Amino acid sequence: MHQDIKTELKNDLKPFADPGSDVEITSEHVVQWTQGGKNRSLQIAPDPETQVVVIEDDRRLSWRGFLASASMASLLDFSRISYAATPDTEHYIATAATEVDADLSSDDAVELLLSLTRQPPSRFSTRLLFVRGEAGAGKTVALRQLTKRAARDYMSGTNGPLFLYVDAQGRALSRLEDAMAKELQDLRAAFTYEAVETLARHHLLIPIIDGFDELLGSGGYDDAYSSLAAFIAKLNGKGVVVASARSSFIDYQGFREKADRLKSQGSLSYHLDWVDVNPWSTDTTREYFCRHGAEYEAQYDELQNRLPREQFELLAKPFFASEVVRLLKDNSKLATADSLLAGLAESFLAREVEKLKDRQGQPLLPIEGHRKFIAEVAEEMWWNENQALDVGAVQTIAELVAEESNSPAKTAAALAEKAASYAFLTTSGDSGLRFQHEVYLDYFVALHLRDLIRSGSTTELRRFLSRAPLGEVTAADVASALVTEQDLTRTLDTIVSCSATGVFDVLLRENCGALVRELLARSPAPLEGLTIKNLVVRGGTFGASALASSSFVAVELHEVDATDIHWQKCNFERCLLRDVLISTERTNLEGSRLRPGHEVMGIRYHVGDDLVVTRDPSEMRSILSGLGVPDLSPENGEANETVDRELRDGLEKVLRVFERQYYVDKDEWQHKGVMSGRRGETVLRVLRDLGLLESKTVSRSGPTGQLERLVVPPRIIREGEGSKSSRTPSEVVELWRKLREFS
């Protein structure tokens, strides 16, 4: 038996063996170990098709079949328990989704995810599938339905992988093993968390990490990326992992850089894909209301007529639609408010006033007291970096709120006793309380955030914004409240000063960026003379914001909507504008200083119904010129002008592959589209000659492959064009020189 096969067999069996016992393979191809206090043995026979065949009790099983059998992981029993334990969603309606790169869409996100995850994984790369969508878009419901449907299919004989759903919300992902262990214990699984790696490597079980980036912790999702990469490294380039995240907080470039730090811990080879969960259409939302009864369809029409368009569009998110229906079912009216979220919150608070009464039928607290109580609970979670509070902490908060409102002591006890049935709260698995949805946590935390911004205290504001990502709806609500309350320039300066040059906390920069974007989009008048520094803005729209004679320093804009902006005579220094959406008719950048290939690394625009993406500097220069941007090329032409377009396209394809994939099988370059151009082979040869592509031979029980890895992040190569900085690697400088030479 080949030594690699022996090593893999031992690694696979070790999680099933009793602690302290060894897995031994004799020269007669017999495997022996102790499991459940009993000595076990197997005969292993190599097979051309399945690589390993198990002969046990005169039965011949594939290795995958053996691992799934009743004597090992007992996956049939696991599927039954998983199916029964996953709750049904009342009036469930499928949510549409799109697999981004393949432009593969489906009206049912669950069907799309089943199709994608049942495909055989790559020979040498773990497939990391991100399910993206804003808070409330239906990610969790879709992933739970995925878990339930796969379990049902497995029970009926479908030979597809099962899913282990792990709710990462409120947990430190560095303790992912603890989270898995708890889920498996709750399901009474026949295998431990250590066996998850074995089952995942053989595509028998797919872990789902739901909400990994929504964790409360001072490390933010930066730590989440590192810990997720550490888990993937243990899979040794095999299997599939699904992770959900808010779309605005996915940075595959950042994930790639975290992976670099872990390459020595194992064969860290992954391929990153993502599925976007799409909002409901108007017809789908109406159908959801109709399923609850004809009277709710009438309520839907009434909301459509009454709410501002941007607020009504929130109903396209399943969470908001379900919450509105829940409110209407209790014969409550949606409170008049500036936003749908605020209206929901105030309406539910009003219900608590009516629900929670003393023996004389009087409310325990006025609505202000209830608002104070729930906001204090949210703040305590935020500052303690934990999304769950124990009963004792809730009791203390109730006592303080009751005391401040001059209520009798028994009010605090009654309030704490009723907290588990509070409109916004639910019991957690750790005998505590948590919010039913992070949207509510964000909303009540935002009440404190508004006060911090109003106070102008940058030190406290910086600490606050460094703790967790702000939801997009929350950022919009904060901006809506502040934009009309005080001097907008002062508000912007307060936020920007929290993220001044020299502060490298990406989470802080993105939170500040989200607030600034929403404030600019809502500005009732043009602004002039602003200095906006060190922000990161991912997605969203700047609306019809108008700026003049303003400076952007060390600002990153990723896939933002700038179709209606009027930014005139603005200067951009050390900025990055990546795949910004513009309109060739409406976007106005008259007199603004932008250089394609330097600050601008991609433009998106529509031609009819088609979305066009260009990263060619000469094309971008022509487009920007039409928007009023002056040509800043020196007389002898910039370096990027002299690089052949096909060479540039070939290099960009290589860089985009390595943003999503750590290793690439050398035989797969043709399938990646890199070799379709005349110069693809030239680009790869230059990268190899300069040592920018590192080669590695992988030999396993299956095929042998030659893998290649880009030794510097793609961002460094892009920024190296025309760079005169001493920090730019000499190999990158030489790469651009050779590309100009070959042009």
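In the block above lies the structure referred to throughout.
None of the values given here were measured: they were computed from a predicted structure.

Engineer: Talk me through the overall build of the protein; I want residue IDs and the actual numbers.
Structural biologist: Across its full length, the protein carries 27 helices and 30 strands. The buried share of the protein, reckoned over its 743 residues, is 55%. Surface accessibility of the protein: about 31,300 Å² in total, with carbon and sulfur atoms responsible for 46%.

Engineer: So what's going on with the pattern of salt bridges? Which residues, and what values?
Structural biologist: Per the stated rule, a full pass over the model turns up 40 salt bridges. Taking the shortest distance from any N to any O, the salt bridge between Arg522 and Glu518 comes out at 2.4 Å. Remark: Glu518 and Arg522 occur in helix 22 (residues 506-522); sequence separation between them is four residues, near one turn of the helix. Take Arg522: its relative accessible area is 29%, and that puts it in the partly exposed class.

Engineer: For helix 13 (residues 318-329), give the residues involved together with the corresponding values.
Structural biologist: The terminal C-alpha atoms of helix 13 lie 16 Å apart, and with twelve residues this matches the ideal 16 Å at 1.5 Å per residue to within 8%. Counting buried residues in helix 13 gives nine out of twelve residues, a clear majority hidden from the surface. Those residues of helix 13 lying buried are Pro318, Phe319, Phe320, Ala321, Glu323, Val324, Val325, Leu327 and Leu328. If you follow the buried residues of helix 13, they end up packed against helix 10 (282-291), helix 11 (294-306), helix 14 (340-355), helix 18 (438-455) and helix 20 (472-482). Looking one or two places after helix 13, you find Asn331, whose phi comes out positive at around 60°.

Engineer: Lay out the pairing of strand 10 (residues 205-210) in plain terms, naming residues and giving numbers.
Structural biologist: For a regular strand, the rule is simple: side chains alternate between the two faces of the sheet. Extensive coverage of strand 10 is indicated by the burial of six of its six residues. The alternating pattern of strand 10 places Leu205, Pro207 and Ile209 and Ile206, Ile208 and Asp210 on opposite faces, both of which are buried. Examined bridge by bridge, strand 9 (residues 162-167) and strand 10 share six bridges and lie parallel to one another. Residue pairing across strands places Leu162 opposite Leu205, the latter belonging to strand 10. The pairing of strand 10 with strand 11 (residues 240-245) spans two bridges and is parallel. Its bridge partner lying in strand 11, Ile209 is registered against Ala243.

Engineer: Break down helix 24 (residues 645-660) for me, citing the residues and quoting the values.
Structural biologist: Under the 1.5 Å per step criterion, the end-to-end length of helix 24 is 23 Å for 16 residues, consistent within 8% with the ideal 22 Å. When we look at burial in helix 24, the residues that qualify are Leu647, Arg648, Gly650, Leu651, Glu652, Val654, Leu655, Val657, Phe658, Glu659 and Arg660.

Engineer: Break down the sheet that holds strand 22 (residues 566-568) for me, with residues and values.
Structural biologist: Adjacent strands of a sheet pair through backbone hydrogen bonds, lying either parallel or antiparallel. Spatially, the three strands line up as an open sheet ordered 16-19-22, and their pairing is parallel. Either end of the sheet is taken by a strand with one partner, and the two such strands are strand 16 (527-528) and strand 22. Here strand 16 runs beside strand 19 (residues 546-548); their pairing, made up of two bridges, is parallel. Across the sheet, Glu528 pairs through a bridge with Ala548, a residue of strand 19.

Engineer: I'd like a rundown of the nonpolar core, residues and numbers included.
Structural biologist: Counting 117 residues, the largest nonpolar core has Phe373, Phe424, Phe435, Phe444 and Trp567 as the members making the most contacts within it. Per element, the largest residue contribution to this core is eleven residues, and it comes from helix 18. Discounting chain neighbours no more than four positions away, the residues touching Phe435 are Ile374, Val377, Ala378, Met381, Gln387, Phe424, Leu425, Thr426, Tyr440, Leu441 and Phe444. By size, the runner-up hydrophobic cluster in this structure holds 61 residues, among which are Val52, Phe78, Phe191 and Ala200.

Engineer: Talk me through the packing of aromatic side chains; I want residue IDs and the actual numbers.
Structural biologist: Centre distance and the angle of the planes are the two values used to describe a pair of aromatic rings. This structure, assessed with the given rule, holds 21 aromatic pairs. Considering the side-chain rings of Phe424 and Phe444, the 5.0 Å spacing of their centres and the 75° angle between planes classify their relative orientation as edge-to-face. Of the two residues, Phe424 sits in the loop between helix 17 (409-418) and strand 14 (425-427) while Phe444 sits in helix 18, which places them 20 residues apart along the sequence. Grouping aromatic residues by their ring pairs yields a cluster made of Phe319, Phe320, Phe348, Phe424, Phe435, Tyr440, Tyr443 and Phe444. Taking the ring centre of Tyr83 as reference, the NZ or CZ of Lys148 above it sits at 4.1 Å. The cationic tip of Arg660 hangs over the ring face of Trp274; the distance from NZ or CZ to the ring centre is 5.4 Å.

Engineer: Tell me about the side chain of Gln35, and name the residues and values.
Structural biologist: Structurally, the position occupied by Gln35 is in strand 2 (residues 30-35). Among the residues examined, Gln35 registers a relative accessible area of 16% and is labelled buried. Looking at Gln35, its side chain comes within polar contact range of the main-chain oxygen of Ser71, at 3.2 Å. Setting aside residues up to four positions removed in sequence, Gln35 forms contacts with Phe16, Asp18, Arg40, Ser71 and Met72.

Engineer: Account for the sheet that holds strand 23 (residues 571-573), with residues named and values stated.
Structural biologist: Here we have three strands laid out as an open sheet, ordered 17-20-23, and parallel in their pairing. At either end of the open sheet lies a strand with only one pairing partner, and these are strand 17 (531-533) and strand 23. Averaged over all pairs of adjacent strands, the angle between strand axes in this sheet comes to 15°, irrespective of strand direction.

Engineer: Which residues make up a nonpolar patch on the surface, and what values go with them?
Structural biologist: The grouping of Leu76, Tyr83 and Met155 at the surface amounts to a nonpolar patch, some 230 Å² of accessible area in total. Assessed through its relative accessible area of 36%, Leu76 is described here as partly exposed.

Engineer: A description of the packing of helix 4 (residues 109-118) against helix 5 (residues 139-155) should follow, citing residues and the corresponding values.
Structural biologist: The geometry of a pair of packed helices is captured by two quantities: the angle between their axes and the separation between those axes. Remark: helix 4 packs on helix 5, axes separated minimally by 9 Å, with the N-to-C direction vectors making an angle of 60°. Considered as vectors, helix 4 and helix 5 are oriented oblique to each other. Between helix 4 and helix 5 the crossing geometry is right-handed. The segment helix 4 lies against helix 5, with Ala109, Val110, Glu111, Leu113, Leu114 and Arg118 engaging Ala142, Leu143, Gln145, Leu146, Arg149, Ala150 and Asp153. Classifying every residue of the contact of helix 4 with helix 5 gives eight nonpolar, one polar and four charged.

Calculation criteria
Residues numbered from 1 in each chain as written. Predicted model: local features only at pLDDT ≥ 70, side-chain atom pairs only at ≥ 80, totals over all residues. Heavy atoms only, no water. Helix = DSSP H or I, 4+ residues; strand = E, 2+ residues; numbered from the N terminus. Buried < 20%, exposed > 50% of the residue type's maximum accessible area, 1.4 Å probe, protein only. Areas by Shrake-Rupley, 256 points an atom, 1.4 Å probe, with all protein chains shown as cover. Salt bridge = Lys/Arg side-chain N within 4 Å of Asp/Glu carboxyl O. Expected span 1.5 Å × (residues − 1). Contact = heavy atoms within 4.5 Å. Pairing = 2+ DSSP bridges. Core = buried A, V, L, I, M, F, W, Y, C linked by side-chain atoms within 4.5 Å. Phe/Tyr/Trp six-rings, centres within 6.5 Å; stacked < 30°, edge-to-face > 60°. Lys NZ or Arg CZ within 6 Å of the ring centre and 35° of its normal. Polar contact = N/O pair within 3.5 Å; in protein donor to acceptor, adjacent residues only side chain to side chain. Axes fitted to C-alpha atoms, helices over the stretch in contact; angles between N-to-C directions. Patch = residues over 30% accessible without salt bridge, like charges linked within 9 Å, V, L, I, M, F, W, Y side chains within 5 Å. Parallel < 35°, antiparallel > 145°, perpendicular 65-115°, else oblique. Left-handed = near helix turned anticlockwise from the far one by under 90°. Nonpolar A, V, L, I, M, F, W, Y, C, P; charged D, E, K, R; others polar.

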